Amino acid sequence: MRQNDRWPASLLIVRHGESAGNVARNLAEANGHPLIDIAQRDMDVPLSALGERQSHALGLWVASLGRRAPSVVLTSPYVRAADTASIALTAAGLDLPLVLDERLREREFGVLDRLTKAGIQARYPEQVEARSRIGKFYHRPPGGESWCDVALRVRSVLDSVTREHSGQRVMIVAHQVVIMMFRYVIERLSEADVLRISREVDLANCSVTSFKVDRRSPHGMTLERFNEVFPLEAAAAPVTREPDVPLAPR
């Protein structure tokens, strides 16, 4: 098998819909609170009502793809991602099993979990300084992950996808940094490249990023769409963008 024949026919990567955690975080940041007021573990935080609406809109667009609709669906096991995938599949009328893959989970924040920017600066000023000095690609908070740690997970996922789903239409539902790392790995971007894209773009909830197989490309796949929100716009669903946890200048 030639190298490029290993790839799926298409790779559709979706960010989860707006979550209750996004809403709680916005409220905490607006009020200057140090801690995000939410009781669940991060992995258990559900979609907000708006996030459910966004997921349904995504599913209506997936239905419009017809023969190009996904034949395989992988998702982060976090509730907000798995529910996004489930709602979208129901709206699309697709009877496909959801494959939960822990490698697609959100980046782990360690001691910074649930803290707002103000909370991080007050409790862990040394981490603010370290991230500013090292940069967010390599900075790993105690008990957490750096961006390049997430890239290692993504490389493992792609190994599985190319081995198990060659020639299929694969949809993945995940999180902002995970999606950025798919671009980093597939397109063989540099640290500077991916950080520049991150500075310029906050991925919208239920936004679509896609790759198509390209036998002329040395990378095997070519970026087709990035951070597209037309599925939401077509259904008149509000577009929301929730950035990664702030800590230092981007």
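An account of the accompanying structure is given in this report.

Structural notes on the overall build of the protein chain
Right, so step 1: Helix and strand counts for the protein chain stand at nine helices and six strands.
Right, so step 2: Here the C-alpha atoms of the protein chain give a radius of gyration of 18 Å, agreeing with the 18 Å that 2.2 N^0.38 yields for 250 residues.
Right, so step 3: Its C-alpha atoms give the protein chain principal-axis dimensions of roughly 55 × 40 × 25 Å.
Right, so step 4: Looking at the protein chain as a whole, 52% of its 250 residues are labelled buried.
Right, so step 5: Taking all contacts inside the protein chain whose residues are at least 6 apart in sequence as the whole, residues at least 24 apart take part in 78%.
Right, so step 6: Just so you have it, the protein chain exposes about 11,200 Å², and 50% of that area is on carbon and sulfur atoms.

Topic: the pairing of strand S5 (residues 208-213)
Walk down a regular strand and you will see the side chains alternate between the two sheet faces.
Right, so step 1: In terms of strand pairing, strand S1 (residues 10-15) meets S5 through five bridges, oriented antiparallel. In the sheet register, Val14 faces S5, and the bridge partner there is Val208.

Some points on the pattern of salt bridges
Right, so step 1: Enumeration according to the criterion identifies 14 salt bridges in this entry.
Right, so step 2: Ionic pairing is found between Asp42 and Arg80, a salt bridge with its closest N-O pair at 3.1 Å. Residue Asp42 is located in the loop between helix H1 (20-30) and helix H2 (49-64), and its partner Arg80 is located in helix H3 (residues 79-92); the two are separated by 38 residues in the primary sequence.
Right, so step 3: A salt bridge links Glu224 to Arg225; the nearest nitrogen and oxygen atoms lie 3.8 Å apart.
Right, so step 4: What makes Glu224 partly exposed here is its relative accessible area of 40%.
Right, so step 5: Three or more residues joined by partner-sharing salt bridges are found here, namely Arg105, Glu108, Glu145 and Arg153.

Cut-offs used in this document
Residues numbered from 1 in each chain as written. Predicted model: local features only at pLDDT ≥ 70, side-chain atom pairs only at ≥ 80, totals over all residues. Heavy atoms only, no water. Helix = DSSP H or I, 4+ residues; strand = E, 2+ residues; numbered from the N terminus. Rg over C-alpha atoms; globule rule 2.2 N^0.38 Å. Buried < 20%, exposed > 50% of the residue type's maximum accessible area, 1.4 Å probe, protein only. Contact = heavy atoms within 4.5 Å. Areas by Shrake-Rupley, 256 points an atom, 1.4 Å probe, with all protein chains shown as cover. Pairing = 2+ DSSP bridges. Salt bridge = Lys/Arg side-chain N within 4 Å of Asp/Glu carboxyl O.

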